[in-house]
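Commentary on secondary and tertiary structure
Residue-level listing of the chains:
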Amino acid sequence: MINIRDKGAQIWEGWNRTTRSTFALIVIGIAALLPFAAGFPLTSFVNTPITSYQSILVYPVGMFILMGLGLNMIVGKSGLLDLGYVAFFAIGAYTMAILSTTTGLNTWEIMPIGILCAMFSGVLLGLPVLRLRGDYLAIVTLGFGEIVRIIALNLNITGGPNGITGIPNPPPIAGITFGIADHAHFFWIVLVLVLLTIWMVRRLTVRRPGRAWEAIRQDEDVAALMGVNLIVYKLWAFTIGAAVAGAAGVIFASKIMVIAPDMFTFNVSVLILACVVFGGLGNIWGVILGGAILAYLPERIRFISDARHLMFGLTLVVIINLRPDGILPRKKREKILEKKVDA
Amino acid sequence: MSEKVLELKNLTMKFGGVIALSNVDFHVSKGEICALIGPNGAGKTTVFNVVTGVYAATGGEILFNGTSLLGKKRHHVTKMGIARTFQNVRLFGEMTALENVLTASDVHKKSGLVGALFGSPRARHEESESRNRALELLEFMGIEHCSDRLGKNLPYGDQRRLEIARALGAEPQLLLLDEPAAGFNPAEKVALAETIRQIRDKGYTILLIEHDMSLIMDISDRVVVLDFGIKIADDLPKNVQKDSRVIEAYLGVPADAS
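Conventions adopted
- Residues numbered from 1 in each chain as written.
- Chains lettered and ligands numbered in written order.
- Predicted model: local features only at pLDDT ≥ 70, side-chain atom pairs only at ≥ 80, totals over all residues.
- Helix = DSSP H or I, 4+ residues; strand = E, 2+ residues; numbered from the N terminus.
- Rg over C-alpha atoms; globule rule 2.2 N^0.38 Å.
- Buried ≥ 20, exposed ≤ 12 C-beta atoms within 10 Å, placed from the backbone.
- Contact = placed C-beta atoms within 7 Å.
- pLDDT = per-residue confidence, 0-100.
- Axes fitted to C-alpha atoms, helices over the stretch in contact; angles between N-to-C directions.
- Left-handed = near helix turned anticlockwise from the far one by under 90°.
- Nonpolar A, V, L, I, M, F, W, Y, C, P; charged D, E, K, R; others polar.
- Core = buried A, V, L, I, M, F, W, Y, C linked by C-beta atoms within 7 Å.
- Pairing = 2+ DSSP bridges.

**Some thoughts on the overall build of chain A**
- From N to C terminus, chain A includes 13 helices and zero strands.
- Counting from the amino terminus, chain A carries its helices and strands in the arrangement α-α-α-α-α-α-α-α-α-α-α-α-α.
- Its C-alpha atoms give chain A a radius of gyration of 21 Å, within 12% of the compact-globule value 20 Å for 343 residues.
- Considering only C-alpha atoms, chain A reaches an extent of 80 × 55 × 45 Å along its principal axes.
- Residues classed as buried in chain A amount to 46% of the 343 residues present.
- Long-range contacts, defined here as pairs at least 24 residues apart, represent 76% of the contacts in chain A between residues at least 6 apart.

**Notes on the overall build of chain B**
- When helices and strands are tallied, chain B shows ten helices and ten strands.
- Whereas a compact globule of 258 residues would reach a radius of gyration of roughly 18 Å, chain B reaches 19 Å, a difference of no more than 12%.
- Of the contacts formed within chain B by residues at least 6 apart in sequence, a portion of 66% connects residues at least 24 apart.

**Observations regarding the confidence of the model for chain B**
- Predicted confidence across chain B gives a mean pLDDT of 87, with 98% of residues reaching 70 or more.
- The ipTM for the predicted assembly is 0.88, set against a pTM of 0.87.

**Notes on the environment of Leu125(A)**
All names here are of chain A.
- Its place among the elements puts Leu-125 in helix 5 (residues 107-129).
- On the basis of neighbour counts, which here come to 24 C-beta atoms within 10 Å, the residue Leu-125 falls in the buried class.
- In sequence terms Leu-125 and Val-258 are 133 residues apart; their C-alpha atoms lie 27 Å from each other.
- Each residue touching Leu-125, except ones within four places of it in the same chain, is listed here: Thr-141, Phe-144 and Phe-238.

**Let's talk about the environment of Ala123(B)**
- As for its position among the elements, Ala123(B) is in helix 5 (residues 121-140).
- Setting aside anything within four residues of it in sequence, one finds Ala123(B) in contact with Arg207(A), Ser111(B), Gly115(B) and Ala116(B).

**Quick look at the packing of helix 5 of chain A against helix 10 (residues 230-256) of chain A**
- Axis separation between helix 5 of chain A and helix 10 of chain A bottoms out at 7 Å; the angle between their running directions is 145 degrees. Crossing handedness for the pair helix 5 of chain A and helix 10 of chain A: right-handed.

**Examining the packing of helix 5 of chain B against helix 6 (residues 156-169) of chain B**
Residue and element names in this part refer to chain B.
- The contact between helix 5 and helix 6 brings their axes to 9 Å, and the two run at 145 degrees. The crossing of helix 5 and helix 6 is right-handed. Within the contact between the two elements, helix 5 uses Ala-134, Leu-137 and Leu-138 and helix 6 uses Ala-165, Leu-168 and Gly-169.
- Class assignment of the residues belonging to the contact of helix 5 with helix 6 gives a composition of five nonpolar, one polar and no charged.

**Quick look at the confidence of the model for chain A**
- Put simply, chain A has an average pLDDT of 84, and 93% of its residues get 70 or more.
- The model gives residues 338-343 of chain A a pLDDT under 50, and that stretch makes two contacts with residues more than four places away or in other chains.

**Regarding the nonpolar core**
- Counting 174 residues, the largest nonpolar core has Met67(A), Phe89(A) and Val190(A) as the members making the most contacts within it.
- At 16 residues, helix 3 (residues 53-77) of chain A tops the list of elements feeding residues into this core.

**Description of the pairing of strand 10 (residues 230-235) of chain B**
- In terms of strand pairing, strand 9 (residues 222-227) of chain B meets strand 10 of chain B through five bridges, oriented antiparallel. Looking across to strand 10 of chain B, one finds that Leu226(B) is bridged to Lys231(B).

**Concerning the interface of chain A and chain B**
- Contacts between chain A and chain B engage 27 residues on the former and 31 residues on the latter.
- If you list the elements that add at least two residues to the side of chain A that touches chain B, you get helix 7 (183-206), helix 8 (208-218) and helix 9 (220-225) of chain A.
- Residue contributions to the side of chain A that touches chain B peak at seven residues, all from helix 8 of chain A.
- Broken down by class, the residue content of the side of chain A that touches chain B amounts to 13 nonpolar, three polar and eleven charged.

**Points about the sheet that holds strand 2 (residues 18-29) of chain B**
Residue and element names in this part refer to chain B.
- Read across the open sheet, the four strands follow the order 2-1-4-5; overall the sheet is antiparallel. Strands at the two margins of the open sheet, each flanked by one partner only, are strand 2 and strand 5 (67-68).
- Across five bridges, strand 1 (residues 4-15) lies against strand 4 (residues 59-64) in antiparallel orientation. From the neighbouring strand, Thr-12 faces strand 4, where its bridge partner is Gly-59.

**Quick look at the environment of Ile272(A)**
- Note that Ile272(A) resides in helix 11 (residues 266-279).
- Leave out the neighbours within four places in its chain, and Ile272(A) touches Phe64(A), Met67(A), Gly68(A), Leu71(A) and Tyr85(A).

**Side note on the sheet that holds strand 7 (residues 174-178) of chain B**
Residue and element names in this part refer to chain B.
- With mixed pairing, six strands are arranged side by side in an open sheet as 6-7-8-3-9-10. Because the sheet does not close on itself, it has two edges, and the strands there are strand 6 (82-84) and strand 10. With direction set aside, neighbouring strand axes in the sheet form an average angle of 20 degrees.
- When strand 6 meets strand 7, the two strands line up parallel, connected through three bridges. Residue pairing for strand 7: Ile-82 is matched across the bridge by Leu-174.
- Running at roughly 150 degrees to strand 8 (residues 205-209), helix 7 (residues 186-201) makes contact with strand 3 (33-37), strand 7 and strand 8 of the sheet.
- Along the sheet, helix 10 (residues 244-251) makes contact with strand 9 and strand 10, crossing strand 10 at roughly 130 degrees.

And the structure:
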């Protein structure tokens, strides 16, 4: 079988900086044009029956990719299994909802506050679970996800089970409006956040933090003995993952305008984790592909009504059996240099 | 000998009722190769684990350049200048050889996450500097041709050499080698002995666990012998060879003497 990943990486390495930037810009351009794909005869197959194609692009596709990338920082890069990722998303969304309805702040002003709140909750979750590994960590994070939802369900400030209504849409930027029907414009915001996340992950991965996370994932004890500060880097992994989900939550709340606790169930955590594992744990492109497929598929086959859940499950089972490491597995390339034969 | 780099004072380590180390007392002087030997289960690796902070000592004191190591976190001990290898090779298998060394050399870096994110001049400088140093170390260990290969795909001998390179990457003053020659053939052992001597000559102090007596007698300046967690000898290699307690520990007591 042709190894697309290696071939792609080979071609990429053969390019110089200009070619690379041009290619990246073209890809970004195509991604930005995605909302209009349903309009062209050639690509009209993407159009979904019943639901609006453009609204699917923002949520779930864009959101799942964004959160998949965030969760990938925690699960894929650092190997910390987090089953309560939805908590950070919920905290971002509730920060947006509460602040926008009680103060006059708009989405763009709340965004950094929402990210900070989510990051802070990442530290709160991270501190007590630093000593836990594997299954135990998974259980505690699962509990954290539920705790956040149940708190939202019971507090007055979060509106209890009714949630919070009347969350304003973001104010326009440079003439681009963000009304309830401006799906394409929201998609662009999500795209910008996705690009920022990719940039951040790539930057961190090739330098010291990436190596530290990789070492922690592979052998925590040896990592510590080789000088990796486990506490600092585990906390950073949680915090960065939380920041991404927090940003996603802010946008989500300001698009949907109404949020309620039952939007932030365990199901969401599992679905995002499924995107990451399905696409390829630890690989950015795999996560993007996984998120796109898993988010788009159920909407595309919505016309078969309840059977779509069965189809969705079947797809997961089949693909994971065929490709246990995900569609695009983690990079495992190596260059073998000829051994020098001298003297 | 002069300065004591590492000093163990009445070090005791108990696991429940099992006494792994009992009042062990010895030191490693600056610039020497000190060998730690003893029959299986004598507590040699336990010494390494207590020194590097894997286990908390039950009693006694460990001094590194006069500073106590008790209660120090593992990464902190590494940062202070002690790096080790493992009895069973424990590389980061999914990382390249170069990345393995870089991971350890990160311990002395000052730039952290923010520097990496925005590519600060200091982060770039440190990155390229440590990359050059890591390549030098790989070359020194004779595995520079493997720099871009994954740890798990290296031949066994190269994995052992890479472990030493990785430990050196942390720029330690004291290098702890846990059976570096295990599984080596005689020719490889000779080469390793030469490498260890070169490492010493570069100014590192070495504490070495080894079972191969010819290697020990060849390279070590001093030999400490443990048996059932008790130090039974601490002397020059040639004296240790003749020590009746050491021979007893390894070969047992003659029938007529008991």
